[in-house]
Amino acid sequence: MRTVRVNTSAPYDILIERGLINSAGDYIKKVTSAKKVMVISDTNVEKLYAEKVVSSLEKNGFETGLFVYEAGEKSKTLDTISAMYSRLADFNMSRKDIIVALGGGVCGDMAGFAAATYMRGINFIQIPTSLLAQVDSSVGGKTGVDIAQGKNLVGAFLQPILVLIDPDTLKTLPEYYVNDGMAEIIKYGCIKDGSLFKTLEDENALDIIEDIIEKCVSIKRDVVNRDEKEAGERMLLNFGHTLGHSLEKIYNFEGLSHGQAVAIGMVMITRASQRAGLTESGTVERIISLCKKYSLPTSDKADVDEIARYCASDKKAGFGSVNLVLLKKIGESYIKNTPLNELGDFIR
Ligand SMILES: NC(=O)c1ccc[n+]([C@@H]2O[C@H](COP(=O)([O-])OP(=O)(O)OC[C@H]3O[C@@H](n4cnc5c(N)ncnc54)[C@H](O)[C@@H]3O)[C@@H](O)[C@H]2O)c1
Ligand SMILES: [Zn+2]
């Protein structure tokens, strides 16, 4: 068993082990005195894994409920949250009871938001089943939903009390989503860990996925520890994301997956910074080959000025400027505040 301890204001453990999902209840029992557990999952993941988790919980004496929503980002709305609240109340959940998020990033974000707000806050546990959730979204305490005006515009910070990662669940994850998660893994190598980047180049990540997951959550843990509420260093995790988000918006969140957009964003920004002499030469070429190795796109036909315009509307953009994350070299990153009116020329 690998354990990554996260020392946020309320510390918690991330446990990583193949087959862990079958004994989820044993580990949950150790961190809570709850009587009731509401398991929240989507229609795909529920079919594959809910039975295992529920039976392990019941073996440990918990009374369990199950809330299942239609799989996909389209469900990440206040309507779904509202249905969740009703289910929690009908199940007579008290302040001491807990929510378990069993699924990908959509599930964790919504279950976490419901937990942050139901009765002004109850505890929750993450059992992330997508690669993206295992290396990224289950760590850091951001929860929330989308509204018509934008993605993740409503949310709360809430740390889970435990994260259980079972890499065996990735065996059923469609390849499209595996690649999506790989983009975030490549991102971690780029911003913080040259040796992780090299491992991804030399080996097949899925063969050593436990090592990789442990490495990635440790990196995110360290960054979040130092900057829980995103005042500084945490921005580094946005590498490739500023331009990536613009691309996602240009395609109305349908043409490109998040990971694909991030891959293109990492390549675009690094090509620009390398050309400007701000990044060691040869860096963008390595990112391009690594993205290709993991079936991620590295370019897009979208208009540069349009991309820059969309950056201005990003919720993370400041007044008249944007914090770009650039690489000094692979494994070393920094933030460069750039006026929005110079962004188009910079990335052209
Ligand atoms: N909170 C954060 O810090 C943070 C960080 C990054 C992303 N996110 C959010 O995460 C979401 C994207 O996450 P995601 O890609 O995991 O989305 P998701 O939860 O919709 O999962 C993607 C798809 O994979 C399926 N799936 C998940 N695990 C599976 C498994 N083991 N076997 C078979 N199918 C499985 C799901 O049913 C879904 O169809 C976005 O909403 C994004 O905003 C949050
Ligand atoms: Zn991302």
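Fair warning: this is a prediction, and the values are worked out from it, not measured in the lab.

J.: Pulling in residues and values, what's your account of the overall build of the protein?
T.: Helix and strand counts for the protein come out as 13 helices and 11 strands. Against the compact-globule benchmark of 20 Å for 348 residues, the protein has a radius of gyration of 20 Å, which places it among compact chains. Projected onto its principal axes, the C-alpha positions of the protein cover 60 × 40 × 35 Å. Of all 348 residues assigned to the protein, the portion counted as buried reaches 48%. A separation of at least 24 residues holds for 73% of the contacts in the protein among residues at least 6 apart in sequence.

J.: Kindly report on the packing of helix H6 (residues 175-192) against helix H8 (residues 209-226), identifying the contributing residues and their values.
T.: Where H6 meets H8, the axes come as close as 10 Å, and the angle between the chain directions of the two elements is 55°. When the axis of H6 is compared with that of H8, the two are oblique. With respect to the hand of their crossing, H6 and H8 are arranged in left-handed fashion. Here H6 contributes Ile185, Tyr188 and Lys192 to the contact with H8, which in turn contributes Ile212, Cys216 and Ile219. Of the residues that constitute the contact of H6 with H8, the class distribution is five nonpolar, no polar and one charged.

J.: Now, about the sheet that holds strand S4 (residues 63-69): what can you tell me, with residues and values included?
T.: Ordered in space as S1-S2-S9-S6-S5-S3-S4, the seven strands form an open sheet in which the pairing is mixed. If you trace the sheet from one side to the other, it starts and ends with strand S1 (2-6) and S4, each paired once. Direction aside, the axes of adjacent strands within the sheet are offset by 15° on average. Across four bridges, the pairing between strand S2 (residues 12-16) and strand S9 (residues 162-165) is parallel.

J.: So what's going on with the nonpolar core? Which residues, and what values?
T.: Counting residues in each nonpolar core, the largest one holds 107 residues, and the members touching the most others are Ile40, Val53, Ile99, Val100, Leu102 and Ala114. By residue number, the principal contributor to this core is helix H10 (residues 258-275), which donates nine residues. Not counting the four nearest positions on each side in its chain, Ala114 is found in contact with Ile81, Met84, Tyr85, Leu88 and Ile99.

J.: Please give an account of the domain arrangement of the protein that cites residues and values.
T.: Quite often, the size of an interface is put as the accessible area lost when its parts meet. For the protein, the assigned domains are domain 1 (2-172) and domain 2 (175-347). If you look at the interface, domain 1 gives 22 residues, while domain 2 gives 20 residues. When contributions to the side of domain 1 that touches domain 2 are tallied by element, the ones reaching two or more residues are S1, S2, helix H5 (131-137) and strand S8 (150-157). Per element, the largest residue contribution to the side of domain 1 that touches domain 2 is five residues, and it comes from H5. Considered class by class, the residues forming the side of domain 1 that touches domain 2 number 13 nonpolar, seven polar and two charged.

J.: Tell me what's going on with the pairing of strand S3 (residues 36-42), and back it up with residues and numbers.
T.: Among the seven residues in S3, six count as buried, and that is most of the element. Note that the unit made of S3, helix H2 (residues 43-59) and S4 has a crossover that is right-handed. Of the strand pairs in this sheet, S3 and strand S5 (residues 98-103) are connected by five bridges, and their pairing is parallel. Paired with Val39 across the bridge in S5 is Val100.

J.: Let's hear about the pairing of S8: which residues, and what values?
T.: Put simply, side chains in a regular strand alternate between the two faces of the sheet. As defined by bridge partners, strand S7 (residues 142-147) adjoins S8 across five bridges and the pair is classed as antiparallel. Pairing of Thr143 across the sheet is with Ala156, part of S8. What sits between the antiparallel neighbours S7 and S8 is a turn of two residues.

J.: So what's going on with H8? Which residues, and what values?
T.: Every α-helical turn comprises 3.6 residues, leaving residues that sit three or four positions apart pointing alike. Between its terminal C-alpha atoms H8 stretches 26 Å, which fits the 26 Å expected from 18 residues at 1.5 Å a residue. Listing the buried residues of H8 in full gives Ile209, Ile212, Ile213, Lys215, Cys216, Val217, Ile219, Lys220, Val223 and Val224. On the buried face of H8, the contacting elements are S1, S2, H5, S9, H6 and helix H7 (194-202).

J.: Tell me about the packing of H6 against H10, residues and numbers included.
T.: Look at H6 against H10: their axes get within 7 Å of each other, and the N-to-C directions meet at 35°. Along this stretch, H6 crosses H10, giving a crossing that reads as left-handed. Across from Asn179, Asp180, Gly181, Met182, Ala183, Glu184, Lys187 and Cys190 in H6, the residues of H10 making contact are His258, Gly259, Val262, Ala263 and Met266. Classifying every residue of the contact of H6 with H10 gives six nonpolar, four polar and three charged.

J.: Quick rundown of the site of ligand 1? Include the residues and the values.
T.: Around ligand 1 lies a shell of 28 residues, among which Asn44, Gly104, Gly105, Ser130 and Ser137 are the nearest. Those elements giving two or more residues to the shell around ligand 1 turn out to be H2, helix H4 (105-117), H5 and H6. Considered class by class, the residues forming the shell around ligand 1 number nine nonpolar, 12 polar and seven charged.

J.: Please give an account of the environment of Asp345 that cites residues and values.
T.: Assignment of secondary structure puts Asp345 in helix H13 (residues 340-347). Residue classification places Asp345 among the exposed positions, given that 11 C-beta atoms sit within 10 Å. Once the C-alpha coordinates of Asp345 and Ile122 are considered, the two residues, 223 residues apart in sequence, prove to be 48 Å apart.

What counts, and at which threshold
- Residues numbered from 1 in each chain as written.
- Chains lettered and ligands numbered in written order.
- Predicted model: local features only at pLDDT ≥ 70, side-chain atom pairs only at ≥ 80, totals over all residues.
- Helix = DSSP H or I, 4+ residues; strand = E, 2+ residues; numbered from the N terminus.
- Rg over C-alpha atoms; globule rule 2.2 N^0.38 Å.
- Buried ≥ 20, exposed ≤ 12 C-beta atoms within 10 Å, placed from the backbone.
- Contact = placed C-beta atoms within 7 Å.
- Axes fitted to C-alpha atoms, helices over the stretch in contact; angles between N-to-C directions.
- Parallel < 35°, antiparallel > 145°, perpendicular 65-115°, else oblique.
- Left-handed = near helix turned anticlockwise from the far one by under 90°.
- Nonpolar A, V, L, I, M, F, W, Y, C, P; charged D, E, K, R; others polar.
- Pairing = 2+ DSSP bridges.
- Core = buried A, V, L, I, M, F, W, Y, C linked by C-beta atoms within 7 Å.
- Domains from an automatic or database assignment.
- Right-handed = clockwise from strand over helix to strand, strands pointing away.
- Expected span 1.5 Å × (residues − 1).
- Near = placed C-beta within 6 Å.

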